[in-house]
Amino acid sequence: MRSSYKLIFERSREGRRAYDMPELDVPCACGTIPEGMRAVSRLDLPELGEVDLVRHYTNLSRRNFGVDNGFYPLGSCTMKYNPKINEELAAMFNSVHPRLDADMAQGCLRLMKDTEDMLCEICGMDAFTLQPAAGAHGELAGLMHIRAYHEHRGDTARTTIIVPDAAHGTNPASAVMAGFKVKEIKSAPDGGVDLDALRAAVGSDTAGLMLTNPSTLGLFERNIKKIAEIVHNAGGLLYYDGANLNAIMGIVRPGDMGFDVMHINLHKTFSTPHGGGGPGSGPVGVKSHLMPFMPVPVLKEDEDGMIVPDYDRPESIGKVKSLYGNFGVIVKAYCYIRSLGGRGLKEASENAVLNANYIMHRLRGAYGIPHDRTCMHECVVTPGELVDYGVHTSDIAKALIDRGYHPPTIYFPLIVHEAMMIEPTETESRETLDEFVDAMLDIAKVAKTDPGAIHAAPVTTPVGRPDEVAAARKPIVKYW
Ligand SMILES: *Cc1c(COP(=O)(O)O)cnc(C)c1O
């Protein structure tokens, strides 16, 4: 720990106060608190003057890194700028209670129904549920549809989900949680699904295939129609992990590619800040043959034009979330989609893809590019020849911190050795991209002439380089 980063407890001096409570001017009621529930000693709270308190918290807040204070190219996470107006619009609904009767909450229900319809249009699906609270939760709910579909047909031998090795890590985990066995297939040399391996993997036990597209390599799957055909011919269903929708909005639709069920991440693509563990939303879209299994309630429009929550659905997989889902996130997505419109969404995706290709192009030569073809919204690069100077991906990530950037996703995807996964998003200007690339090129130059300087990074943070192995094996979780 570097000096000048003292804890608030270390700054504490007995008797200092930021605020004094007024003298008690009513009879003390302490005697009414049962003996066993009374405090027996003073609480060990820090004591500070107001200015020291303000400085403490202000400085802490400035040590937080977010999209609002810097470039955040964390691959697979779509850390794009989210317009502030959508926060304000969502806050307008703060006083609506989720247990209001449907006839008192028609505005909210209509907003959700319209959001479902717009997502159907964007993705080419027949119906959406907004209930799942995150991408991985959507995967679980979507896979439960696949299970219910086979079970209702009496086809109980379909117990396996096929997952390519370029899938997001949540895919195999969700399949196991939904009660399936997982069969992993290797990628072909071009980064796509190996069709021969897929043909060999499908059979009468195949419940379905989960495909992350664009994959974690940032690549669009070229053989998507053939993949759909192979899986459907074997009697399986197709699950589309659409968390990377930011690359394809308004350009292609998973429904048109033959997929039966999918999820998207509203908190990545549709204007909700994320990364701090805040509320997310992973809506699930299905084709008509899976609609009977959707979680309750399903929003229906009755003949008077009223939106009513329908709980009477005997084949439903049940409830996956209390009430309707994370409504505030849904409001932000609704506002974002309505304000950009179809053309705006398409332009957003086009710029996201352009920005990633621009970065990849400018890094070519200085860094390794394992799959050197047009990428989608993110690119995967490696240190290339810098490893000959003893400089690895984690060193580059730490050197970026000193230069004012959040590092890209590192050592993921697992199938690329020393991977750095860079996702700039559409909201970054060309100047920002250039400054980031210049920092990367500078790191590459210093790595060759003075690798020790890269190994010393970061030098601008309260904690430099903890011993990562010791920190994992023998964590000290107390400060003193
Ligand atoms: C982020 C992501 C997920 C998981 O979403 P969470 O909301 O973090 O659960 C799944 N698949 C892909 C491709 C992702 O990028």
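Residues numbered from 1 in each chain as written. Predicted model: local features only at pLDDT ≥ 70, side-chain atom pairs only at ≥ 80, totals over all residues. Heavy atoms only, no water.

## What about the packing of helix α10 (residues 327-363) against helix α12 (residues 430-449)?
No. 1: The interhelical angle for the contact between α10 and α12, taken along N-to-C directions, is 30°, at an axis separation of 10 Å. Relative to α12, the element α10 is oriented roughly parallel. The handedness of the crossing between α10 and α12 is right-handed. Every residue of α12 that contacts α10 at Asn 355, Tyr 358, Ile 359, Arg 362 and Leu 363 is listed here: Arg 430, Leu 433, Asp 434, Phe 436, Val 437, Asp 438, Met 440 and Leu 441.
No. 2: Here the contact of α10 with α12 is built from residues that sort into 8 nonpolar, 1 polar and 4 charged. (Axes fitted to C-alpha atoms, helices over the stretch in contact; angles between N-to-C directions. Helix = DSSP H or I, 4+ residues; strand = E, 2+ residues; numbered from the N terminus. Parallel < 35°, antiparallel > 145°, perpendicular 65-115°, else oblique. Left-handed = near helix turned anticlockwise from the far one by under 90°. Contact = heavy atoms within 4.5 Å. Nonpolar A, V, L, I, M, F, W, Y, C, P; charged D, E, K, R; others polar.)

## Section: the sheet that holds strand β4 (residues 206-212)
No. 1: Across the sheet, which stays open at both edges, the 7 strands sit in the order β1-β7-β6-β5-β4-β2-β3 with mixed pairing between neighbours. A strand with exactly one partner marks an edge of an open sheet, and here the two such strands are β1 (127-129) and β3 (181-185). Neighbour-to-neighbour, the strand axes of this sheet turn through a mean angle of 20°, independent of strand direction.
No. 2: Pairing analysis gives 5 bridges linking strand β2 (residues 160-164) to β3, with the strands arranged parallel. Looking across to β3, one finds that Pro 164 is bridged to Ile 185. (Pairing = 2+ DSSP bridges.)

## Some points on the packing of aromatic side chains
No. 1: Applying the stated rule across the entire model yields 7 aromatic pairs.
No. 2: Consider the rings of Phe 270 and Tyr 336, whose centres lie 6.2 Å apart with planes at 70°: the pair is edge-to-face. With Phe 270 in the loop between α9 (266-269) and β7 (284-286) and Tyr 336 in helix α10, this residue pair connects regions lying 66 residues apart in the sequence.
No. 3: By relative accessible area, Phe 270 is classed as buried at 0%.
No. 4: Here the aromatic rings of Tyr 405 and Phe 436 are separated by 5.4 Å at their centres, their planes lie at 80°, and the arrangement is edge-to-face. One end of the pair, Tyr 405, is in the loop between α11 (393-402) and β11 (409-410); the other, Phe 436, is in helix α12, and 31 residues separate them in sequence. (Phe/Tyr/Trp six-rings, centres within 6.5 Å; stacked < 30°, edge-to-face > 60°. Buried < 20%, exposed > 50% of the residue type's maximum accessible area, 1.4 Å probe, protein only.)

## Considering the site of the ligand
No. 1: As a matter of local geometry, the ligand sits amid 14 residues, with Gly 135, Ala 136, Asp 241, His 267 and Lys 268 nearest to it.
No. 2: Note that a nitrogen atom of the ligand is positioned 2.6 Å from one of the side-chain N or O atoms of Asp 241.
No. 3: Asn 265 places a polar side-chain atom, nitrogen or oxygen, 3.0 Å from an oxygen atom of the ligand.
No. 4: For the ligand, whose free accessible area comes to 380 Å², the fraction covered by protein is 85%.
No. 5: When contributions to the shell around the ligand are tallied by element, the ones reaching two or more residues are α5 (135-152) and α9.
No. 6: Ranked by residues supplied to the shell around the ligand, first place goes to α5 with 3 residues. (Near = heavy atom within 4 Å. Polar contact = N/O pair within 3.5 Å; in protein donor to acceptor, adjacent residues only side chain to side chain. Areas by Shrake-Rupley, 256 points an atom, 1.4 Å probe, with all protein chains shown as cover.)

## Topic: the side chain of Thr 129
No. 1: Along the polypeptide, Thr 129 turns up in strand β1.
No. 2: Within the local environment of Thr 129, its side chain forms a polar contact with the backbone nitrogen of Gln 131, the two atoms lying 3.3 Å apart.
No. 3: Sequence-distant contacts of Thr 129, that is, excluding residues within four places in its chain, are made with Pro 283, Val 284, Met 294 and Pro 295.

## Structural notes on the pairing of β4
No. 1: Across the 7 residues of β4, 7 count as buried, placing the element largely inside the fold.
No. 2: Sheet analysis places β2 next to β4, joined by 3 bridges and oriented parallel. For Thr 160, the partnering residue across the bridge sits in β4 and is Thr 206.
No. 3: Relative to strand β5 (residues 237-241), β4 runs parallel, the two being bridged by 5 bridges. The partner of Met 210 across the bridge, within β5, is Tyr 239.
No. 4: With helix α8 (residues 224-233) bridging β4 and the parallel β5, this β-α-β connection has right-handed handedness. (Right-handed = clockwise from strand over helix to strand, strands pointing away.)

## Things to note about the sheet that holds strand β12 (residues 420-422)
No. 1: Here 3 strands make up an open sheet; going across it, the order is β10-β12-β11 and the pairing antiparallel. Both outer strands of the open sheet, β10 (379-381) and β11, are each paired with one neighbouring strand and no more.
No. 2: As defined by bridge partners, β11 adjoins β12 across 2 bridges and the pair is classed as antiparallel. Note that in β12 the partner of Thr 409 across the bridge is Met 421.
No. 3: The strands that α10 touches are β10 and β12; relative to β10, the one it contacts most, it runs at about 20°.

## A short note on the pattern of salt bridges
No. 1: Applying the stated rule across the entire model yields 25 salt bridges.
No. 2: Note that Asp 196 is salt-bridged to Arg 199, the shortest N-O span being 3.1 Å. One end of the pair is Asp 196 and the other is Arg 199, both in helix α7 (residues 195-201) and 3 residues apart, which spans about a single turn.
No. 3: Classification of Asp 196 as exposed rests on a relative accessible area of 55%.
No. 4: The structure contains a network of salt bridges with shared partners spanning Arg 362, Arg 430, Asp 434 and Asp 438. (Salt bridge = Lys/Arg side-chain N within 4 Å of Asp/Glu carboxyl O.)

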